[in-house]
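A structural walkthrough
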Protein chains: 2
Amino acid sequence: MKTKSKGAEVKSLPLNQILDGDCIEVMNSLPESSVDLIFADPPYNLQLRGDLHRPDNSKVDAVDDHWDQFDSFKVYDKFTRAWLTAARRLLKPDGAIWVIGSYHNVFRMGAELQNQGFWILNDVVWRKSNPMPNFRGKRFTNAHETMIWASKAEGSKYTFNYEALKALNEGVQMRSDWVLPICTGHERLKDENGDKAHPTQKPESLLHRVLIGSTNPGDVILDPFFGTGTTGAVAKMLGRDFIGIEREETYREVAKKRLSKIRKFDKEALEVTQSKRAEPRVAFGVLVERGMLRPGEELWSLNGRHKAKVRADGTLIGDDIKGSIHQVGAHLEGAPSCNGWTYWQFKRDGQKVPIDLLRQQIRAEMAKH
Amino acid sequence: MKTKSKGAEVKSLPLNQILDGDCIEVMNSLPESSVDLIFADPPYNLQLRGDLHRPDNSKVDAVDDHWDQFDSFKVYDKFTRAWLTAARRLLKPDGAIWVIGSYHNVFRMGAELQNQGFWILNDVVWRKSNPMPNFRGKRFTNAHETMIWASKAEGSKYTFNYEALKALNEGVQMRSDWVLPICTGHERLKDENGDKAHPTQKPESLLHRVLIGSTNPGDVILDPFFGTGTTGAVAKMLGRDFIGIEREETYREVAKKRLSKIRKFDKEALEVTQSKRAEPRVAFGVLVERGMLRPGEELWSLNGRHKAKVRADGTLIGDDIKGSIHQVGAHLEGAPSCNGWTYWQFKRDGQKVPIDLLRQQIRAEMAKH
DNA sequence: AGGTTAGATGAATCCAACT
DNA sequence: GAGTTGGATTCATCTAACC
């Protein structure tokens, strides 16, 4: 659905490029309602007072680059309002956004998201398995960052690959707390001096989970604070298109070099576990039409307490109720709803068999042709 | 230090009582700069639409109480501003506050704390070991709540019992994410009908860690949204004084009865807080997310007879089967079950290596941190 | 008595396609 | 666009009933 909806405006998007400039101006130059997902890791306004030293007196490399200083919350709020407004304009109606931050800025971003009409879906905690300790012993180890996932508006039909995430998580549904290591080792990009190329490079594993969970292959993902391009790198691997915006030339250069080395994974590997909802709908009446069930044949409920008769038009008739397999099941159980496919069974060779088996046969046939 | 600072005004405080009334009015009637710590669990402003049913058709008991209803963010913000202003007035200069909330309200509370000059020390994530699942599979399991810990102002000499918390945490620094179960079982207070007495009762283990970490014996702790009195109960056990404010008579009654049964230094309560460390379960998908295995990469079976390809969501795809490492292994062997971790191998430098080696690497990392 | 199984439940912004 | 119908969807834990 999403990929089909790409119209003419999408074709004019500067896909898989890193755009130079202030992200607000650049976003305003792009066509509205053209992007499926935005991932944003804005500067944090860290308010560091003086230099921080480890117990052994070695200096900690603080996040004190010039772009990270803001005079006050007021200025920061103005900045947040501006870039979120520009970002929201770019999102398709069913698009979504992820923002990431720490306690220094995330509350202001979250409030502004709500003020602008974004609809928060989850706040997700990235629980770092190897955070920097609190050297002074004056606070708790700052061991997590917070991400907010929000759709463009209440009622948006956002993308959520529930089954794929469940598969990623050993068969149980994915929670709002993710345990992942920080970006270190070979993955951490270095400059020519061997220092880290960017102070807050995010791990690819984080973006992998974000993109697998909330985008499909072919989707367009915008990152307005591209940095050294983790979003673009993972998007490319996963067969998504990206647009990066970054105003610092050194970061653009590092990101460009990084992206040139990335290759997309096999198409087959990118196909992901699908939800049953994605499968074609089969009308119960088709089973009757095809003679898989005969009119007049009896069906038994899963618990064996009820039975009903199949009618020629694909409805059921019970003691005091006529209707669809779902309606009759719900009525008999006194339940608000009922999935008739898993509720009803028919008899073959003395064995009770769920009618869903017949639906699966039909679906298998449909897949062949 | 703290205990010495108690002046004449402190003596007039209504200690270890539950005050009746609107918390803002009551707080304004108390003497300023008289309280060491405030713990606040205000209404979350959940905006629940219709009913929600579990897959077994049972209805979820929603938090739809009148006290959680607000017309808009504007109204909620006004409420937040008012009670935080009253709370800040009551705090001693070196006092601190904890607030707890979910994504519905915590961003607004956090921003207002900052606006009023509170100095955020940490945001602490309560990771629930047994949260309610997401029944419709439309979002991530909402598995955590967020607490914000802030001093009255920048430069406040807040209380932080670093060593006590370290001891609580098996000798390593306490982190900003706490794994604790929700309040159930005998601890959960019931009314005469056997229904829960309060819809959102917090676990004592949570308050135990808060009070051990950020107060000393003899400190005065105020809870403006006292509910059924978890803050008071834990304060009493730990030899702190409390002041509770609660406007609902039924909650006050339950809390009063509860508190009468509490005795100071209840050793049992101390044991409750020893968080059970969950056995580190590693999802195969994590190896893919972290780049230890690449989507599209091939795995070989232990006997060399079968191979399968890794997909981006941590499932495998073989000749005629898709599924988890365990499912695909079992299918290929025609076995009822299979331990995929010991069955599958990957290739590095021409050598076949069991994937379990990668799991061991991750577990070693988790154990370290 | 001791172990097993079935049932209940928790701060939840929880559907989508068709007529 | 509103109303109707099909039919997809749950994890950890505690309690009570039951062998």
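Chain A has the name Methyltransferase in an unreviewed UniProt entry, where Cognatiyoonia koreensis is given as its organism. We quote the UniProt Sequence similarities (unreviewed entry) comment for chain A here in full: "Belongs to the N(4)/N(6)-methyltransferase family." Under Catalytic activity (unreviewed entry), UniProt gives the following word-for-word description of chain A: "a 2'-deoxyadenosine in DNA + S-adenosyl-L-methionine = an N(6)-methyl-2'-deoxyadenosine in DNA + S-adenosyl-L-homocysteine + H(+)".

By size, the foremost hydrophobic cluster in this structure holds 69 residues, and its most contacted members are Trp83(A), Ile97(A), Trp83(B) and Ile97(B). In this structure, Ile97(A) is in contact with Leu37(A), Ile38(A), Trp83(A), Leu84(A), Leu91(A), Leu113(A), Phe118(A), Ile148(A), Trp149(A) and Ala150(A), ignoring residues within four places of it in sequence.

Attention now moves to the sheet that holds strand S2 (residues 35–40) of chain A. Residues and elements named next belong to chain A. Reading across the sheet, the 8 strands line up as S1-S8-S7-S2-S3-S5-S4-S6 and stay open at both edges, with mixed pairing between neighbours. Every other strand in the sheet has two partners, leaving strand S1 (17–20) and strand S6 (177–180) as the edge strands with one partner each. On average, each strand axis in the sheet is tilted by 20 degrees relative to the strand beside it, whichever way the strands run. Strand direction decides the pairing type here: S1 and strand S8 (residues 241–246), joined by 4 bridges, are parallel. Looking at S8, one finds that Leu 19 is bridged to Ile 245. Sheet strands touched by helix H4 (residues 106–115): strand S3 (91–101), strand S4 (119–128) and strand S5 (144–151). Its angle to S3, the strand with the most contacts, is close to 165 degrees. Against the sheet, helix H7 (residues 230–237) touches S2, strand S7 (220–223) and S8, its axis set at about 165 degrees to S7.

Around DNA strand D sit 29 residues in total, of which Tyr162(A), Lys166(A), Gln173(A), His326(A) and Arg359(A) are the nearest. Atoms of DNA strand D within 4 Å of the protein: sugar and phosphate make up 61%, bases the balance. A distance of 2.8 Å separates a phosphate oxygen of DNA strand D from a polar backbone atom of Gln173(A). Here a base oxygen of DNA strand D sits 3.5 Å away from a polar atom, N or O, in the main chain of Pro131(B). Mapped onto the surface near DNA strand D, the elements with two or more residues apiece are helix H5 (162–168) and helix H11 (325–333) of chain A. Counting residues per element, the surface near DNA strand D draws most heavily on H5(A), at 3 residues. In the surface near DNA strand D, the residues fall into 9 nonpolar, 13 polar and 7 charged.

If you look at the interface, chain A gives 77 residues, while chain B gives 75 residues. Around 6700 Å² of area is buried between chain A and chain B when both sides are counted, 51% of it from carbon and sulfur atoms. Linking chain A with chain B are 6 salt bridges, by the criterion used here. One salt bridge in this structure joins Arg127(A) and Asp177(B), with 2.3 Å as the shortest N-O distance. Of all the secondary structure elements, the ones that give two or more residues to the side of chain A that touches chain B are H4, S4, S5, H5, S6, helix H6 (204–214) and helix H9 (267–270) of chain A. Sort the elements by how many residues they give to the side of chain A that touches chain B and S4(A) lands first, with 9 residues. Class assignment of the residues belonging to the side of chain A that touches chain B gives a composition of 38 nonpolar, 21 polar and 18 charged.

Calculation rules
Residues numbered from 1 in each chain as written. Chains lettered and ligands numbered in written order. Predicted model: local features only at pLDDT ≥ 70, side-chain atom pairs only at ≥ 80, totals over all residues. Heavy atoms only, no water. UniProt positions renumbered as here; feature names shortened; annotations may be inferred. Core = buried A, V, L, I, M, F, W, Y, C linked by side-chain atoms within 4.5 Å. Buried < 20%, exposed > 50% of the residue type's maximum accessible area, 1.4 Å probe, protein only. Contact = heavy atoms within 4.5 Å. Pairing = 2+ DSSP bridges. Helix = DSSP H or I, 4+ residues; strand = E, 2+ residues; numbered from the N terminus. Axes fitted to C-alpha atoms, helices over the stretch in contact; angles between N-to-C directions. Near = heavy atom within 4 Å. Polar contact = N/O pair within 3.5 Å; in protein donor to acceptor, adjacent residues only side chain to side chain. Nonpolar A, V, L, I, M, F, W, Y, C, P; charged D, E, K, R; others polar. Buried area = accessible area lost by both parts, 1.4 Å probe. Salt bridge = Lys/Arg side-chain N within 4 Å of Asp/Glu carboxyl O.

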